[in-house]
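Residue-level structure breakdown
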Amino acid sequence: MSEAGELHWDFVNLRESPQAGLMEGIERMWREQAGLSPQQIEQRAAEVLLAAVDRGSGEPIGVSTVYLHRPGNLGVPLWTYRTFVTAAFRKKSVGMEMMIQAAEWLEDRYADGTDRRGQGVYMEIENPVINRHRNEAIWPRSRMAFVGLNRHGHVCRVRYFSGASLESGGPP
Amino acid sequence: MNEPRKMRVETLPQPPDDAIRDAIYAFWLRQLGDMDRGAAAQRLGRVLAFGLDDNDAVVATCSAVPARVAAMGHQMMLVYRSLLAGAFNTPDNWMAMVTRAWELVEAQQAAGEHAGCIGLLVPVTEAAVPAARPEAVWAENGLIHAGYGQRGFPLRVRHFADARLHIEGVT
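One structure accompanies this document, and this report is about it. (Residues numbered from 1 in each chain as written. Chains lettered and ligands numbered in written order. Predicted model: local features only at pLDDT ≥ 70, side-chain atom pairs only at ≥ 80, totals over all residues. Heavy atoms only, no water.)

1. Here's the deal with the overall build of chain B
Looking only at helices and strands, chain B features four helices and seven strands. If you list the helices and strands of chain B from N to C, you get β-α-α-β-β-β-α-β-α-β-β. A globule of 171 residues ought to have a C-alpha radius of gyration of about 16 Å, and chain B, at 16 Å, matches this closely. The dimensions of chain B, computed from C-alpha atoms along their principal axes, are 50 × 35 × 25 Å. Relative to its full complement of 171 residues, chain B shows a buried share of 47%. The contacts of chain B with a sequence gap of at least 6 include a subset with a gap of at least 24, amounting to 60%. In the structure as shown, chain B presents an accessible area of about 8,400 Å², 50% of it carried by carbon and sulfur atoms. Of the side chains in chain B, 16 bear a positive and 19 a negative charge, and the two mean positions are spaced by 4 Å. (Helix = DSSP H or I, 4+ residues; strand = E, 2+ residues; numbered from the N terminus. Rg over C-alpha atoms; globule rule 2.2 N^0.38 Å. Buried < 20%, exposed > 50% of the residue type's maximum accessible area, 1.4 Å probe, protein only. Contact = heavy atoms within 4.5 Å. Areas by Shrake-Rupley, 256 points an atom, 1.4 Å probe, with all protein chains shown as cover. Lys, Arg positive; Asp, Glu negative; His and termini not counted. Charge placed at Lys NZ, Arg CZ, Asp CG, Glu CD.)

Shown next as C-alpha cells:
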C-alpha cells in the first residue's frame with residue numbers, strides 16, 4: 001500500500017494485490033457516481049490498476065484503469081490511461097498523483113522486461129477544468145506531453161518509456 | 001548512386017555575411033533551379049543552420065517557420081524544413097541539422113523570440129530516417145513521436161519548457 005504523504009488517502013495497486021472487497025466498492029462507485037453501465041463496469045474492472053482509498057472510511061475515492069491500444073494518430077501500442085475521482089476529491093491532487101504512480105509502475109515493468117508491449121502511457125483529457133488549468137504543453141511532474149486533439153476535441157497527451165521504440169507501430 | 005558523405009553543421013550568423021549568403025543562394029539554385037532573388041532573401045531570413053562539405057561548400061540548409069499546425073490542435077509551432085544535397089542526405093546528417101535547429105530555437109525562445117509558439121514540429125521527410133531512428137524519443141534532441149501528418153510523414157515535436165496550450169473554447 002502506498003502512502004500519500006500528509007494527504008488523506010492511500011493508493012492500492014490492484015494488479016499486485018487484488019482485493020475483492022475493494023473491487024466491489026469501485027464497481028459501486030462507478031455505478032453510483034460515474035454512471036457507468038453494467039457492461040462498462042465489467043470491461044473496466046478487468047483494466048483496473050490503482051485505487052485511491054479514503055484513509056478514514058476505507059472506501060474508494062478514485063480509480064485508474066489502463067488498456068493496451070494504438071491510439072488515434074500515433075500508430076504505436078500504448079497504455080491508454082483513464083481515471084475517475086469522486087467529486088469531493090477532484091480539487092485535491094489525487095488524480096495527478098495516481099496518474100504518476102500508474103505511469104511509473106508501468107515504466108518499471110517495461111524497464112525490467114516484465115511487460116514491454118506498451119511503449120508508453122497515453123491519455124485523453126475530457127475534463128475542461130483540467131484542460132483549462134493544466135494547460136502546460138508538458139505536464140512537469142508526470143512528463144505527459146501534448147500531441148494533439150482527438151476527434152472530440154479532447155487534449156491528447158503521451159509519455160514514452162525510456163527506450164521506447166516505434167518498430168511495432170506504423171501509420172494508422 | 002552517390003556515396004553517403006559527411007558534413008559539418010554551422011549556425012547561420014545574424015546577419016549573414018555576403019560570402020555565406022551567396023554560397024547559400026548558389027546551393028539553392030543548384031538544388032531547386034531558378035529562384036527569385038526576393039524569395040531567396042525572404043527564405044534566408046528563416047535559415048537557422050547550414051551544412052558544409054570538406055571543401056567548405058554549402059550542401060544543406062534548414063529553417064523553421066511559425067505556423068498553426070492542424071495535427072497539433074491548431075497550436076502555433078515552429079515548423080522545420082531542410083534541404084540536403086543528394087550524397088549528404090543521410091539520417092546522420094539530417095539528424096545533426098534537426099538537433100542544431102532545436103538548440104537554436106530553444107535558445108531564441110528563452111531570449112524572448114517565437115512568442116505564441118509552443119515548440120518545434122519536425123515533419124520527417126527523409127525516407128530513411130524512420131527505420132534508422134525508430135526510438136520514440138530521440139536522445140540527442142528530445143523530439144518525440146507525435147503521429148503522422150496529412151501527407152503521411154511522421155511528425156516529431158518538442159515543446160518549449162514553459163509553453164502553454166491555447167485551445168479555443170478551453171483556455
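Now that the structure has been shown, the text picks up again.
2. Topic: the environment of Arg100 of chain B
Looking at the element boundaries, Arg100 of chain B is found in helix H3 (residues 91–110). C-alpha of Arg100 of chain B to C-alpha of Pro16 of chain B: the two residues are 84 residues apart in sequence and 17 Å apart in space.

3. Considerations on the pattern of salt bridges
Inspection of every chain in the model, using the stated rule, returns 17 salt bridges over all chains. Across the salt bridge formed by Glu107 of chain A and Arg143 of chain A, the nearest N and O atoms sit 3.8 Å from each other. Of this pair, Glu107 of chain A sits in helix H3 (residues 94–111) while Arg143 of chain A is found in the loop between helix H4 (128–133) and strand E7 (145–149), placing the two residues 36 residues apart along the sequence. Here Arg109 of chain A ties to Asp115 of chain A by a salt bridge, and the two come within 3.9 Å at their closest N and O atoms. We classify Asp115 of chain A as buried; its relative accessible area is 11%. Overlapping salt bridges, with partners in common, bring together Asp18, Arg21, Asp22 and Arg37 of chain B in one network. (Salt bridge = Lys/Arg side-chain N within 4 Å of Asp/Glu carboxyl O.)

4. Regarding the packing of aromatic side chains
Evaluated as defined, the whole model comprises six aromatic pairs over all chains. Between the aromatic rings of Tyr110 of chain A and Phe161 of chain A, the centroid separation amounts to 5.3 Å while the plane-to-plane angle is 45°, which identifies the pairing as tilted. With Tyr110 of chain A in helix H3 and Phe161 of chain A in the segment after strand E8 (155–160), the pair connects residues that are 51 residues apart, well separated along the chain. The burial state of Tyr110 of chain A is the same as that of Phe161 of chain A; both residues are buried. Look at Trp102 of chain B and Phe160 of chain B: their rings are 5.7 Å apart centre to centre, the planes differ by 20°, and that puts the pair in the stacked class. Taken as a pair, Trp102 of chain B in helix H3 and Phe160 of chain B in the segment after strand E7 (154–159) lie far apart in primary sequence, 58 residues in all. This pair shows no difference in class: Trp102 of chain B is buried, exactly as Phe160 of chain B is. Among the aromatic residues, those joined into a cluster by ring pairs are Tyr80, Trp94 and Trp138 of chain B. In this arrangement the basic side chain of Arg43 of chain B is found over the ring face of Trp28 of chain B, its NZ or CZ atom lying 4.9 Å from the centre. If you follow Arg156 of chain B out to its NZ or CZ, it ends over the ring of Trp138 of chain B, 3.9 Å from the centre. (Phe/Tyr/Trp six-rings, centres within 6.5 Å; stacked < 30°, edge-to-face > 60°. Lys NZ or Arg CZ within 6 Å of the ring centre and 35° of its normal.)

5. Concerning helix H2 (residues 37–44) of chain B
Residue and element names in this part refer to chain B. For H2, the set of buried residues is Ala40, Arg43 and Leu44. Viewed along the axis of H2, the buried residues span an arc of 100°, placing them on a single side of the element. The inward-facing, buried residues of H2 abut helix H1 (18–32), strand E2 (47–52) and strand E4 (75–84). With a side-chain oxygen positioned 3.0 Å from the backbone nitrogen of Gly38, the residue opening H2 is Asp36. (Arc of directions from axis to C-beta. Polar contact = N/O pair within 3.5 Å; in protein donor to acceptor, adjacent residues only side chain to side chain.)

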